[in-house]
Amino acid sequence: IEWRDYRWTSSDGLEIQGLLALPHERGEGPLPLVVDVHGGPTGSWTWQFAPAYGYPQFYASEGVATLLPNVRGSVGWGPEFAEANLGDMGGRDLQDILTGIDALVRDGIVDGDRVAISGGSYGGFMACWAVTQSDRFACAMPFAVVTDWVSFHFTTNIGQFDRLYLQADPLDPEGDYTKRSPIYHAAKCKTPTLIVHGEDDLCTPLGQAVEFYNALVEAGCETELVILPREGHGWTERQHHTDVWNRVRDWISRHL
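Now for a look at the structure at hand. Owing to the predicted nature of the structure, the values given are computational and were not obtained by experimental measurement. (Residues numbered from 1 in each chain as written. Predicted model: local features only at pLDDT ≥ 70, side-chain atom pairs only at ≥ 80, totals over all residues. Heavy atoms only, no water.)

### Structural notes on the overall build of the chain
Right, so step 1: Within the chain, the regular secondary structure consists of nine helices and eight strands.
Right, so step 2: Relative to a compact globule of 256 residues, whose C-alpha radius of gyration would be 18 Å, the chain shows 17 Å and is just as compact.
Right, so step 3: With 256 residues in all, the chain has 55% of them scored as buried.
Right, so step 4: Roughly 10,800 Å² of accessible area belongs to the chain as shown, and the carbon and sulfur atoms make up 50% of that amount. (Helix = DSSP H or I, 4+ residues; strand = E, 2+ residues; numbered from the N terminus. Rg over C-alpha atoms; globule rule 2.2 N^0.38 Å. Buried < 20%, exposed > 50% of the residue type's maximum accessible area, 1.4 Å probe, protein only. Areas by Shrake-Rupley, 256 points an atom, 1.4 Å probe, with all protein chains shown as cover.)

Take a look at the structure:
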């Protein structure tokens, strides 16, 4: 795998940095791409052995590039950058991702018609949100998702997380709890979406995945829901890892 530091300018002029993983063996033409969004959102992708649970290496073995974007809200660029998505989850941070894809397409690195999005937790929210806001993606693989901030607020084990980041009232039907929930925009989704979720997830409860899956079915959108027994917010059992790898490989081979 070949790793690069990749930087681009977002929609409002802010510089965004990410890690770009390219397969060593590749032709001259542009590559298919998976954008993998980190959790948190107050986290970051850093130089380490096998970041993103080894998925960039996995994608590279399939001839697919990976972008690991450190969108606004990530740590490592000071408190102002880390707080830049408060009250705006799914706003400028989504634009950071879309402009990163545009930059890779302009640079001739990526085929704009073969782009997927993935991620877990906040990254799972962003993957679900992105496919309800944009037709840019050929497919999506969201893990451990948040899709309905209202039901999330009343079922999660991390209490006031959503109030802090949304800076809104969960009981305001006109506020961002509904406006920024993928479930309320699912009817617009045309992107084939593979949802993977732990059955015993207390942080992003299973209902978040079930709601979005059923909404996509109603919308006539191609979708699959994989529920992993005994798993929480992420998975640990070897057979679950291999099962998800195989499902993801089949999904991207079909759609990318």
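Here the narrative resumes, following the displayed structure.
### Quick word on the packing of helix α3 (residues 92–106) against helix α4 (residues 122–133)
Right, so step 1: Their axes nearest at 11 Å, the elements α3 and α4 cross at an angle of 75 degrees. One finds that α3 runs roughly perpendicular with respect to α4. Here D93, L94 and I97 of α3 lie close against α4, whose contacting residues are Y122, M126, W129, A130 and Q133.
Right, so step 2: Taken together, the residues of the contact of α3 with α4 sort by class into six nonpolar, one polar and one charged. (Axes fitted to C-alpha atoms, helices over the stretch in contact; angles between N-to-C directions. Parallel < 35°, antiparallel > 145°, perpendicular 65-115°, else oblique. Contact = heavy atoms within 4.5 Å. Nonpolar A, V, L, I, M, F, W, Y, C, P; charged D, E, K, R; others polar.)

### So, the side chain of T204
Right, so step 1: With respect to the helices and strands, the residue T204 is situated in the loop between β7 (193–198) and α8 (207–218).
Right, so step 2: Excluding anything up to four places from it in sequence, T204 contacts A144, V145, V146, F152, H197 and H233.

### As for the pattern of salt bridges
Right, so step 1: Using the criterion set out here, one finds 13 salt bridges in the structure.
Right, so step 2: Residues E2 and R26 are paired through a salt bridge, measuring 2.9 Å at the closest nitrogen-oxygen approach. With E2 in strand β1 (residues 2–9) and R26 in the loop between β2 (15–22) and β3 (31–37), the pair connects residues that are 24 residues apart, well separated along the chain.
Right, so step 3: What makes E2 partly exposed here is its relative accessible area of 23%.
Right, so step 4: As a salt-bridge pair, R72 and D96 come within 2.8 Å of each other at their nearest N and O atoms. Taken together, the residues span a long stretch of sequence, with R72 in the loop between β4 (65–70) and α2 (79–82) and D96 in helix α3 at a distance of 24 residues. The burial state of R72 is the same as that of D96; both residues are buried.
Right, so step 5: Because the salt bridges share partners, they merge into one network encompassing E2, R4 and R26. (Salt bridge = Lys/Arg side-chain N within 4 Å of Asp/Glu carboxyl O.)

### Focus: the sheet that holds β7
Right, so step 1: Read across the sheet, eight strands follow the order β1-β2-β4-β3-β5-β6-β7-β8 without closing on themselves; strand pairing throughout is mixed. What marks the edges here is a single partner per strand, and that holds for β1 and β8 (223–228). Across the sheet, the mean angle separating the axes of adjacent strands is 20 degrees when strand polarity is ignored.
Right, so step 2: Here β2 runs beside β4; their pairing, made up of five bridges, is antiparallel. Paired with L20 across the strands is L67, a residue of β4.
Right, so step 3: Taken strand by strand, α8 contacts β7 and β8, and its axis lies near 160 degrees from that of β8. (Pairing = 2+ DSSP bridges.)

### Details of unusual backbone geometry
Right, so step 1: The omega torsion across G40 and P41 is 5 degrees, close enough to zero to call that bond cis.
Right, so step 2: When you line up the elements, P41 lands in the loop between β3 and α1 (55–61).
Right, so step 3: Non-glycine residue A50 carries a positive phi angle of around 50 degrees.
Right, so step 4: Residue placement: A50 occurs in the loop between β3 and α1.
Right, so step 5: One non-glycine residue, R230, adopts positive backbone phi at about 70 degrees.
Right, so step 6: Mapped onto the elements, R230 comes out in the loop between β8 and α9 (238–255).

### Points about α8
Right, so step 1: With twelve residues, α8 should reach 16 Å at 1.5 Å per residue; the first-to-last C-alpha distance of 16 Å fits that figure.
Right, so step 2: On the buried face of α8, the contacting elements are α4, α5 (149–155), β7 and β8.
Right, so step 3: Where α8 ends, the next residue or the one after it, G220, has phi of about 75 degrees, a positive value. (Expected span 1.5 Å × (residues − 1).)

Nothing here speaks to function; it is geometry throughout.
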